Amino acid sequence: MIASPTVDMNASRAESFRIQLIRSPLFRGLPPAALEEIVKMAQPRTRAMGTLLVSQGEGGDALFVIAAGRAKVVLFGESGREVTLSTLSAGDFVGEMAMLSSVPRSANVIALEPLTVLAFGRELFEPMLRRHPQIAINLLQVMVERLRRADETIASLALQDVEARLTRTLERLAEEGGERTDSGVYLPRRPTQQELANMVGSCRETISRTFSSMVRRGLLVQRGRGVVLTRELLARRAA
Ligand code: CMP
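Residues numbered from 1 in each chain as written. Predicted model: local features only at pLDDT ≥ 70, side-chain atom pairs only at ≥ 80, totals over all residues. Heavy atoms only, no water.

> Quick rundown of the site of the ligand? Include the residues and the values.
Taken together, 13 residues surround the ligand, and among them Gly95, Glu96, Ala98, Arg105 and Ser106 come closest. A distance of 2.8 Å is found between an oxygen atom of the ligand and a backbone nitrogen or oxygen belonging to Gly95. Within the contact set of the ligand, an oxygen atom lies 3.4 Å away from a backbone nitrogen or oxygen of Met97. For the ligand, the protein covers 90% of the area, taking 460 Å² as the surface of the free molecule. Among the secondary structure elements, those contributing two or more residues to the shell around the ligand are strand 5 (82–88) and helix 3 (96–101). Broken down by element, the shell around the ligand gets its largest block of residues, three residues, from helix 3. Of the residues assigned to the shell around the ligand, the class counts are seven nonpolar, three polar and three charged. (Near = heavy atom within 4 Å. Polar contact = N/O pair within 3.5 Å; in protein donor to acceptor, adjacent residues only side chain to side chain. Areas by Shrake-Rupley, 256 points an atom, 1.4 Å probe, with all protein chains shown as cover. Helix = DSSP H or I, 4+ residues; strand = E, 2+ residues; numbered from the N terminus. Nonpolar A, V, L, I, M, F, W, Y, C, P; charged D, E, K, R; others polar.)

The following block contains the structure:
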């Protein structure tokens, strides 16, 4: 029998969602039958670049797994200044805090690129946790890692200067998407100075000054739209 184009398209879409769910740390270690069941429950949603997936302060009863695109988790200060808590890509999840604790959303989640997410409402997610306790273990592991990072950020804001914080942020980005080269680690897509300021907890002018000083001292090398974290810079942390 020849399948209709619609059926084909739906089947290939479901297959691509299944692949993303398998890659998600949230569903690690689940048997294939459980993943099939979970894919069927997921509600796909899309967001255009620059738009909100989650709004701080609103009620929320769904968790989202990113199927395609990138997003950032941000807080806005009264003056409009922005702090980036995290950036997320395919396989990562958000929205678990309001969903699990019935309190308002703790932060904004904004699409950095065209975004497709798979939504799981509370009424589906809670029974799913009971049926597959492995999901609860996976969820705890990711939340522990987020707490560890948050602790690290609190300590660095209190104890480190901007250069050390900028270095740590660039190293983190390099761990996630850097390429090893002879001269160090190349980060092909360097965030703008404003974005770096939002991640580091500083302002654009200070980041610009610090960045230029590190380039002058040979700790960073600009290459096209990217930057190389030199061996010398990386060795400073290891020392
Ligand atoms: P929720 O509070 O429902 O909505 C905002 C979401 O941002 C939150 O759930 C988490 O999924 C996510 N979030 C909040 N703080 C952090 C953080 N420090 N690191 C990563 N994600 C976070």
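Let's pick the thread back up.
> Please provide a residue-by-residue account of the side chain of Arg172, values included.
Locating Arg172 in the fold gives a position in helix 6 (residues 162–177). Discounting chain neighbours no more than four positions away, the residues touching Arg172 are Arg149, Glu152 and Thr153. (Contact = heavy atoms within 4.5 Å.)

> Account for the pairing of strand 12 (residues 226–230), naming residues and giving values.
Burial runs high along strand 12: five of the five residues are buried. By the alternation rule, side chains of strand 12 split into Gly226, Val228 and Thr230 and Val227 and Leu229, which are all buried. As paired elements, strand 10 (residues 184–187) and strand 12 share four bridges and run antiparallel to each other. Across the sheet, residue Leu187 finds its bridge partner in strand 12, namely Val227. Across four bridges, strand 11 (residues 220–223) lies against strand 12 in antiparallel orientation. By the bridge assignment for strand 12, Val221 is matched with Val228. In this structure, the hairpin formed by strand 11 and strand 12 is closed by a connection of two residues, where Gly224 is found at a positive phi of approximately 55 degrees. (Buried < 20%, exposed > 50% of the residue type's maximum accessible area, 1.4 Å probe, protein only. Pairing = 2+ DSSP bridges.)

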